[in-house]
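For reference, the chains in residue letters:
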Amino acid sequence: MQLWRYGSRMKKKLNPDELNLITLAAQYSDEGKALSLLESLRWPNGVMCPHCNHNEVYSLKPKRTSKSPGRMGLYCCAACRKQFTVKVGTVFEGSHIPVSKWLMAMFIICSSKKSVSAHQLHRMLDITYKTAWFMAHRIRFAMDDDTQPMLSGTVEVDETFIGGKGDVRTMSLRKTPVVALISRKGKMKARVVSNVTQKNIGQCLNECVSKEAVVNTDDLPTYDKPLKDYKRHDVVNHSAKEYARRNPDGSIAHVNSAESFFSLLKRGVYGAWHHISREHLPKYANEFAFRWNHNKVTDGERMAKFAGLIEGKRLTYRQAV
Ligand SMILES: [Zn+2]
């Protein structure tokens, strides 16, 4: 093995706007190039050791005389001497799928407004259905953005019920509630709860919404008690067919953004996925929340934002199923 200092090769700065399926297919189908693209997305300021965060690292390449091809994209840390590739310490760790296919799957999921099914990924990327299913789940898992600050300003909170097939009389029992918490400033969070109770709603609010927020809900009485400590609680009386109301201060009380989110999510559930199980619903909700939170940027920039979330997340197949 020969040591090569990282940085001695000049790297071209990547413009995320240039990322689309054409550039991925034309320029990054080669595994070495795909690895360096993922490196520049994960480490925009240069390669960093995932074990100790040191930034002095060496590229490890086999000697010219060596008969074995060596591992592509292998680095060694100057501080802790441990070896790593760009996949170590991310949601891609341990995966044998070519990085070029991961990049395509990332792009497709980040840019499909109503999502895609594992069947579609399986056909588009020429991989087995099982592989496609697991890739999509790993990507959704990584889309959970826990770095986001508490929602503030005017925040809409509403719930809907997803899934549940069969007998109409028992359907509501099998449906799973999803709570959407959406700031009118643009950011949102989604939570899946076992049932709509004061305790569960209170927990969602505590985790996601600043106490300084003005919270808008419909007239479901479950919201009243958990919202007592908030700056203000504006209720639109859906039971009396009131869907928006102008407040004395000129602001408008409604939960229309939450309803838009639910209609998108349902189009994903019924259009792309057909049916989803209760235990996977939080990951699907993550996926839609992620795209909602980055809807003002280009598809390439959204993919670059996603790459910022792959760090420190692992999902094994056993955990996923
Ligand atoms: Zn290190």
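Just so it is clear, the structure is predicted and the values come from calculations on it, not from any experiment.

Observations regarding the sheet that holds strand β5 (residues 154-162)
Moving on, step 1. As summarised here, the arrangement of the 5 strands in space is β7-β6-β5-β8-β9, forming an open sheet in which the pairing is mixed. Of all strands in the sheet, those bounded by a partner on one side alone are β7 (188-192) and β9 (232-236). With strand direction ignored, the average angle separating the axes of adjacent strands in the sheet is 20°.
Moving on, step 2. Taken together, the 5 bridges between strand β6 (residues 176-183) and β7 define a ladder with antiparallel strand orientation. Bridge pairing in β7 places A180 opposite A190.
Moving on, step 3. Packing of helix α7 (residues 198-208) onto the sheet brings it into contact with β5, β6 and β7, and relative to β6 it is tilted by some 35°.

Details of the domain arrangement of the protein
Moving on, step 1. Segmenting the protein into domains produces domain 1 (2-142 + 305-320) and domain 2 (154-276).
Moving on, step 2. Across the contact, 6 residues belong to domain 1 and 5 residues belong to domain 2.
Moving on, step 3. Both sides of the domain 1 and domain 2 interface together cover about 430 Å² of buried area, and 61% of this is carbon and sulfur.
Moving on, step 4. If you sort the residues of domain 1 by the area they bury against domain 2, K114, S115 and S117 come out on top, with a joint share of 75%.
Moving on, step 5. Where domain 1 packs against domain 2, one counts 0 salt bridges.

What counts, and where the lines are drawn
- Numbering of residues starts from 1 in each chain and follows the order in which that chain's sequence is written.
- Only residues with pLDDT of at least 70 get local features here, since the model is predicted, and only at 80 or more are side-chain atom pairs given and counted; chain-wide, interface and lining totals rely on the full set of residues.
- Excluded from the side-chain calculation are hydrogens and water; included are all heavy atoms of the structure.
- Only strands joined by at least two bridges in the DSSP assignment are considered to pair.
- Secondary structure elements are taken from DSSP: a helix is a run of H or I of four residues or more, a strand is a run of E of two residues or more, and numbering for both begins at the N terminus.
- Axis geometry follows a simple rule: fit a line to the C-alpha atoms, using only the stretch in contact for helices, then measure angles between N-to-C directions, giving values from 0 to 180 degrees.
- Throughout, a residue-residue contact means that at least one pair of heavy atoms, one from each residue, lies within 4.5 Å.
- Segmentation of the chain into domains, including their bounds, is taken from an automatic or database domain assignment.
- Once two parts are brought into contact, the accessible area they lose, counted with a 1.4 Å probe and summed over both, makes up the buried area.
- The salt bridge definition used is simple: a Lys or Arg side-chain nitrogen within 4 Å of an Asp or Glu carboxyl oxygen.

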